[in-house]
Each structure stands twice: as structure tokens, then as C-alpha cells.
Amino acid sequence: MTEFPLNSFIDLITFDQGLISIEKVLDQSTQDIRDMRAEIGVIDKQAHASRSTVHDLRKEVDEHELLMKELDEQAKERRQRLESASNPKEYSALRHEIEAIKKKQHDYEETLLAAWKLLEAAQKDLEASSMYHVQQTAELEKKIQEKEQQVIELTAQFQEKLQERPAKEKLVPQEWLDKYATMRARVANPVVPVNIDSCSACYYLISAQDMQALRRQKLVQCKDCYRFLYLPAAHASVAQP
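Residues numbered from 1 in each chain as written. Predicted model: local features only at pLDDT ≥ 70, side-chain atom pairs only at ≥ 80, totals over all residues. Heavy atoms only, no water.

### Brief notes about the overall build of the chain
A tally of regular secondary structure across the chain gives 6 helices and 4 strands. Its C-alpha radius of gyration of 41 Å places the chain more than 25% over the 18 Å reference for a compact globule of 241 residues. Counting only C-alpha atoms and orienting by the principal axes, one finds that the chain spans roughly 135 × 35 × 25 Å. Residues classed as buried in the chain amount to 32% of the 241 residues present. Surface exposure of the chain reaches about 16000 Å², of which carbon and sulfur atoms provide 52%. Averaging the coordinates of the 34 positive side-chain charges in the chain and doing the same for the 41 negative ones gives two points 4 Å apart. (Helix = DSSP H or I, 4+ residues; strand = E, 2+ residues; numbered from the N terminus. Rg over C-alpha atoms; globule rule 2.2 N^0.38 Å. Buried < 20%, exposed > 50% of the residue type's maximum accessible area, 1.4 Å probe, protein only. Areas by Shrake-Rupley, 256 points an atom, 1.4 Å probe, with all protein chains shown as cover. Lys, Arg positive; Asp, Glu negative; His and termini not counted. Charge placed at Lys NZ, Arg CZ, Asp CG, Glu CD.)

### Details of the confidence of the model for the chain
Across the chain, pLDDT averages 89, with 95% of residues at or above 70. At the level of individual helices and strands, the chain shows its lowest average pLDDT in helix α6 (residues 232–239), which scores 66, and its highest in strand β2 (residues 198–199), which scores 96. (pLDDT = per-residue confidence, 0-100.)

### Overview of unusual backbone geometry
Here Y203, not a glycine, exhibits a phi torsion of approximately 70°, which is positive. Its place among the elements puts Y203 in the loop between β2 and α5 (208–215). Since its relative accessible area comes to 65%, Y203 is described here as exposed. Positioned with a positive phi, Q217 is a non-glycine residue whose angle comes to about 65°. Tracing the chain through its elements places Q217 in the loop between α5 and β3 (220–221). For Q217, a relative accessible area of 32% gives the class partly exposed.

### Section: the packing of helix α1 (residues 5–83) against helix α4 (residues 174–183)
Packing of α1 against α4 leaves a shortest axis separation of 11 Å and a crossing angle of 30°. On the basis of the axis angle, α1 is roughly parallel to α4. Here the hand of the crossing between α1 and α4 comes out right-handed. Seen from α1, the contacting residues are P5, L6, F9, L12, I13 and D16; seen from α4, they are W176, L177 and Y180. Grouping the constituent residues of the contact of α1 with α4 by class yields 8 nonpolar, no polar and 1 charged. (Axes fitted to C-alpha atoms, helices over the stretch in contact; angles between N-to-C directions. Parallel < 35°, antiparallel > 145°, perpendicular 65-115°, else oblique. Left-handed = near helix turned anticlockwise from the far one by under 90°. Contact = heavy atoms within 4.5 Å. Nonpolar A, V, L, I, M, F, W, Y, C, P; charged D, E, K, R; others polar.)

And the structure:
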């Protein structure tokens with residue numbers, strides 16, 4: 001056990017704060033990787049949606065063109081029959097059918113033209129977005145690789161530093177370690193000095209009994225913020241030769 005355990009205790013806490021900092025960066029890097037993979041998923045869905053839109057519009061155009069072809073065949077068939085009509089009644093009926101088919105063709109041409117316009121616009125959007133999707137995915141994959149490498153390096157650094165901790169714990173009284181374990185990582189400054197009989201963090205007034213313990217170089221917890229308190233003067237007197 002070191003002669004001045006408070007200094008060792010503060011050193012341990014500083015060491016732990018360094019570990020916590022590494023853990024926070026690790027957690028953030030891991031979250032960044034998850035976020036970027038999710039973003040790639042969104043990009044893939046957008047690309048799939050664009051391709052599906054073009055596919056559906058192409059199918060619609062094909063269906064419209066097929067119907068137009070069927071109307072052409074019907075008109076052709078009626079004209080052939082018209083040439084061989086045997087009486088005026090049949091001739092008149094065929095003429096009316098041909099006119100009706102022509103009207104359907106005329107009306108449907110607008111529908112087909114509108115479908116073609118939608119398909120061409122969707123194809124242009126797909127061409128423009130495909131390059132963007134490829135570039136964005138490549139950039140995100142590169143960033144993911146960099147983050148994954150960072151995670152590997154930080155994990156190795158964390159494990160290496162973690163092996164140093166037992167040696168630092170040995171320099172601190174077990175009673176202090178037990179108390180510290182209950183609040184480790186809760187606050188940025190778990191150990192603070194006493195200032196004018198008060199906690200220097202929350203200014204809570206320390207009882208006379210706790211002040212006596214502090215003068216005997218005991219470690220006391222603040223009754224308000226639960227930080228560990230020490231009396232600098234008590235430890236300074238011991239530190240002097």
C-alpha cells in the first residue's frame with residue numbers, strides 16, 4: 001500500500017475517466033456504423049423503388065401498345081370484311097364499327113402518349129439517381145471501413161489499458177474501492193476537496209462528525225451529491241517530510 005493512498009485514488013479515477021472516454025468513442029463509432037448501414041439500406045430501397053417504377057410503367061406502356069395493336073387488327077379485319085360486304089345493311093354496320101374503332105384508337109392514343117411520357121421521365125430519373133446511389137453507397141462503405149478500423153484500434157487500446165488497472169487498484173484501500181465501485185462513471189469529478197467545511201462541488205455543509213473523519217484522512221461521501229470528499233490539509237500534513 002502506498003503511503004499516500006489519496007493520490008493513488010485520484011490517479012485511479014483519472015485513469016478510469018480515460019477508459020470511459022474510450023468507451024464513449026467506441027459506442028459512438030459503433031452507432032455511426034449502424035447509422036451508415038441503415039442509410040445504405042435506405043439508398044438501396046430508393047434504388048429498388050426507382051427500378052420498380054420504371055418496370056411498372058414499361059409494363060403499362062406495353063399493355064397500352066398491345067391494346068392499340070388489337071384495335072389495329074380489329075380495324076383491319078373490319079375493312080377486309082367491308083370490301084366483301086354483300087348488302088348495304090352489312091356495309092353500313094361495318095362502317096359504323098370501323099368508325100367506333102377509330103374513335104377508340106384516337107382516344108387511346110392520348111392515354112398511350114401520357115404513359116410514354118411518364119416512362120421516359122422515370123427512366124431519366126433512374127439514370128440520374130443510379131449514379132448518385134452508387135457514389136453515395138461507395139462513400140458510405142469507405143466511411144464504414146474507416147470506422148470499423150477505428151473500433152478495432154480503440155478496442156485494442158482499451159484492452160491494453162484495462163490490464164493496467166489492477167496495479168493501480170492495489171495502491172488504494174479496499175474500503176475506498178468498494179465505495180467507488182457503486183458510483184463509478186456517474187459523475188465527472190467523483191472526488192472533490194472540502195472547502196470551508198463544505199463540499200466544493202455542491203456546497204453542502206459537512207457535519208462535525210464527518211469533518212473529524214476527514215481530519216483523520218478518511219474518505220467521506222457527501223450527503224447531498226454523494227461525491228467522495230477529502231481534506232487537503234490532512235493529507236498535506238502527512239505528505240510533508
